[in-house]
Amino acid sequence: METSEALDRAVTELGKFVRDEIAATSVAIGCLRAIATQTLSHIRTSGDHESVRLIDAEVEGFTFVPRITGLNGAQTLLREVSMGGMIHARLTQQLIVTVFTGWDAHHRARIATARGLETDELRSDYFGDLRLLRNDIAHSRGLAKRSVRCAGAVLSRELKTGDLIYLGDDELANLSAKVPYSELIGRE
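In this report, the structure presented in the accompanying data block is examined. Sequence positions are assigned chain by chain, starting from 1 and proceeding in written order. pLDDT decides what is reported in this predicted model: residues at 70 or higher carry local features, side-chain atom pairs at 80 or more are listed and counted, and totals for whole chains, interfaces and linings draw on all residues regardless. Side-chain numbers come from the whole structure's heavy atoms, not from hydrogens or water.

1. A word on the overall build of the protein chain
Put simply, DSSP H or I for four residues or longer makes a helix, DSSP E for two residues or longer makes a strand, and each gets a number counted from the N terminus. When you go through the protein chain residue by residue, the secondary structure sums to 6 helices and 2 strands. Going from the N terminus to the C terminus, the protein chain shows its helices and strands as α-β-β-α-α-α-α-α. By residue count, 38% of the 188 residues in the protein chain fall in the buried class. Contacts are assigned to residue pairs that have any heavy atoms within 4.5 Å of one another. Taking the contacts inside the protein chain whose residues are at least 6 apart along the sequence as the reference set, 58% of them involve residues at least 24 apart. Using the Shrake-Rupley algorithm and a 1.4 Å probe, accessible areas are obtained, with residue cover drawn only from the displayed protein chains. In the structure as shown, the protein chain presents an accessible area of about 10,500 Å², 50% of it carried by carbon and sulfur atoms. With a 1.4 Å probe rolled over the protein chains alone, any residue whose accessible area is under 20% of its type maximum counts as buried; one over 50% counts as exposed, and the rest are partly exposed.

See the structure below:
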């Protein structure tokens, strides 16, 4: 395969991988927010603030689904799936880890080879920022170990030591558009 064709294919596949991962995370967050919002509304209007279940423990095909009951349970779920809540954070942390791992384990080497480079010669602030975030997610329970000194290619805010790492809604929405395709193909 010609080098430019191999490069185009490798970069195109990277873009699809990143977009697919972002879409899966966005759908999960959106569905959870919709469920929480609709259930909270239903509980408030039903007048039965304790017995209405948001998620029942008996869902076919699943051995465990957490039971969330009543107004407090629905409010807690809504808070946790809202931006910066623990469920939202975990889902976006998983996205960061998955995208960086896919880049590092597969896509980076393919793009570097197609460009005639050694893998470690292919660098990007975008994937470098994901690496820094991934390291703190994996080694510090999702908390920033120190003030994150990212290049600003992924996050639009600075993290301080101990801050919960997550992608805000705008950061998640813009993550795909920030992939530095021109830089990756060598046309900076």
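2. So, the packing of helix 1 (residues 3–46) against helix 2 (residues 70–81)
Note on definitions: angles span 0 to 180 degrees between N-to-C directions of axes, and those axes are lines fitted to C-alpha atoms, for helices only across the stretch in contact. Interhelical geometry of helix 1 versus helix 2 gives an angle of 155° and a closest axis separation of 9 Å. One way to sum up the angle between helix 1 and helix 2 is to call them roughly antiparallel. Note on packing geometry: the crossing formed by helix 1 with helix 2 is left-handed. For the pair helix 1 and helix 2, the contacting residues are Ile29, Leu32, Arg33, Ala36, Thr37, Leu40, Ile43 and Arg44 in the first and Gly70, Leu71, Ala74, Gln75, Leu77, Leu78 and Val81 in the second. Residue composition of the contact of helix 1 with helix 2, grouped by class: 10 nonpolar, 3 polar and 2 charged. Reported orientations rely on four angle classes, namely roughly parallel under 35 degrees, roughly antiparallel over 145, roughly perpendicular from 65 to 115, and oblique for the rest. With the far helix as reference, a near helix turned anticlockwise by less than a right angle produces a left-handed crossing, and one turned clockwise produces a right-handed crossing. Throughout this entry, Asp, Glu, Lys and Arg are counted as charged residues, while Ala, Val, Leu, Ile, Met, Phe, Trp, Tyr, Cys and Pro are counted as nonpolar. The remaining residues, Gly among them, count as polar.

3. Focus on unusual backbone geometry
Most peptide bonds take the trans form, and the phi angle of most residues other than glycine is negative. A positive phi angle, near 55°, is found at Arg141, a position not held by glycine. Structurally, Arg141 can be placed in the loop between helix 4 (125–139) and helix 5 (169–174). We classify Arg141 as exposed; its relative accessible area is 66%.

4. Regarding the layout of surface pockets
Roughly 200 Å³ of volume is contained in the largest pocket. As for the largest pocket, its lining consists of Phe100, Trp103, Asp104, Arg108, Leu122, Arg123, Ser124, Phe127, Gly128 and Arg131. For the lining of the largest pocket, the secondary structure elements donating two or more residues are helix 3 (86–115) and helix 4. At 4 residues, helix 3 tops the list of elements feeding residues into the lining of the largest pocket. Class assignment for the residues of the lining of the largest pocket results in 4 nonpolar, 2 polar and 4 charged. A 1.4 Å probe that fits but cannot get out identifies a cavity on a 1 Å grid over protein atoms alone, an open set with protein on both sides within 12 Å along at least five of seven lines counts as a pocket, and a residue lines either if it has an atom within 4 Å of a point. Grid points are joined across faces, edges and corners, and a volume is the space filled by probe spheres set on the points.

5. Here we look at helix 3
In this model, helix 3 (30 residues) spans 40 Å end to end at C-alpha, consistent with the 44 Å of a helix rising 1.5 Å per residue. To get the bend at any residue, fit one axis to the seven residues that end at it and another to the seven that begin at it, then take the angle between the two axes. Of all the bends found along helix 3, the most pronounced is centred on His107 and spans about 45°. Helix span, as expected, comes to 1.5 Å for every residue beyond the first.

6. Concerning the packing of aromatic side chains
Only Phe, Tyr and Trp rings take part, Trp by its six-membered ring, and two of them pair if their centres are within 6.5 Å. Stacked means planes under 30 degrees apart, edge-to-face means over 60, and tilted covers everything else. This model, assessed by the stated rule, comprises 2 aromatic pairs. Judged by centre distance (4.0 Å) and plane angle (10°), the ring pair of Trp103 and Phe127 falls under stacked. In this pair, Trp103 sits in helix 3 while Phe127 sits in helix 4, placing the two residues 24 residues apart along the sequence. For the pair formed by Trp103 and Phe127, the shared burial category is buried. Where Tyr126 meets Phe127, the ring centres are 4.8 Å apart and the plane angle is 80°; that geometry is what we call edge-to-face. For Tyr126, a relative accessible area of 2% corresponds to the buried category. Following the ring pairs from residue to residue traces out a cluster consisting of Trp103, Tyr126 and Phe127. In this structure, Arg157 packs its charged tip against the face of Tyr166, placed 4.3 Å from the ring centre. By definition here, charges over rings are those cases where NZ of Lys or CZ of Arg is within 6 Å of the ring centre and within 35 degrees of the ring normal.

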